[in-house]
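Residue strings, one per chain:
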Amino acid sequence: LNHEIKTPLSVIRVTTGMQEITPARKLRIQQSVLDIDAILNRCLKADQIDNSSLVPISQLCDINQTLVTVKATFPQEEHIKIDSPLLPKINTDEQLLHVVLNNLLDNALKYSESNTTVLVVASPFEDSGRSGVLISVANKPGLAGTPDPQQVFQKYYRNPAAHCKSGSGLGLYLVHNIIKLLGGWVSCHSSDDVVEFKVWLPV
């Protein structure tokens, strides 16, 4: 935590020490603040999972609207494309689903090849006789390469090549454990051309 927060803090310190704060530099400061906030929130959620104190509160959730809402939280939203039909509402914890989607999109944007599109596809999907919704988040891998599917959901795991970016190694750990709490599953598939995460949730 100490190491990862120092990186965005140093960006803020250097940028605010400059004589002129241009729009681009202001954006850099804002992104660094968001990075710190995200790291602290992930640490809090991971602590709740480890202490079994994270309890889902289920309600009817509009997946289409949730995807649009999460997309709008990213400054790079023009690089996110959502492809989904009108989906059935599902009974789940919308706040925790927001955390899951935010982490998946944040990772995809952070580690994708520059100026490429992150594709989000959602569709009805039956799993073992249960109706549900499958959400796929796919991106073209950038300089950080591809994660190890065998380790990607482990706590604190980060691809060695990804350390050039701020992160906690908790995002995908949270995704995996939250999706389990919500009664679904998550998987990772990667190749030289694409990194894809699939999340399934029951209706």
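As a reminder, the structure under discussion sits directly above these lines.
Residues numbered from 1 in each chain as written. Predicted model: local features only at pLDDT ≥ 70, side-chain atom pairs only at ≥ 80, totals over all residues. Heavy atoms only, no water.

Details of the pairing of strand S7 (residues 195–202)
Burial analysis of S7 places six of its eight residues in the buried class, which makes it a mostly covered element. Bridging between strand S6 (residues 185–190) and S7 involves six bridges; their strand directions are antiparallel. Residue His 189 lies in a different strand from S7, and its bridge partner there is Glu 196. Taken together, S6 and the strand that follows it, S7, pair antiparallel across an intervening segment of four residues. (Buried < 20%, exposed > 50% of the residue type's maximum accessible area, 1.4 Å probe, protein only. Helix = DSSP H or I, 4+ residues; strand = E, 2+ residues; numbered from the N terminus. Pairing = 2+ DSSP bridges.)

Focus on the sheet that holds strand S4 (residues 118–124)
If you trace the five strands from one edge of the open sheet to the other, you get S2-S4-S5-S7-S6, paired in mixed fashion. In this open sheet, the two strands that pair with only one neighbour each are strand S2 (80–83) and S6. Here the strands of the sheet are splayed against their neighbours by 15 degrees on average, with no regard to which way each runs. Direction of pairing for S4 relative to strand S5 (residues 132–139): antiparallel, over a ladder of six bridges. Bridged to Ala 122 within S5 is Ile 135. Helix-sheet contacts for helix H4 (residues 94–111) involve S2, S4, S5 and S7, and the interaxial angle to S5 is about 20 degrees. (Axes fitted to C-alpha atoms, helices over the stretch in contact; angles between N-to-C directions. Contact = heavy atoms within 4.5 Å.)

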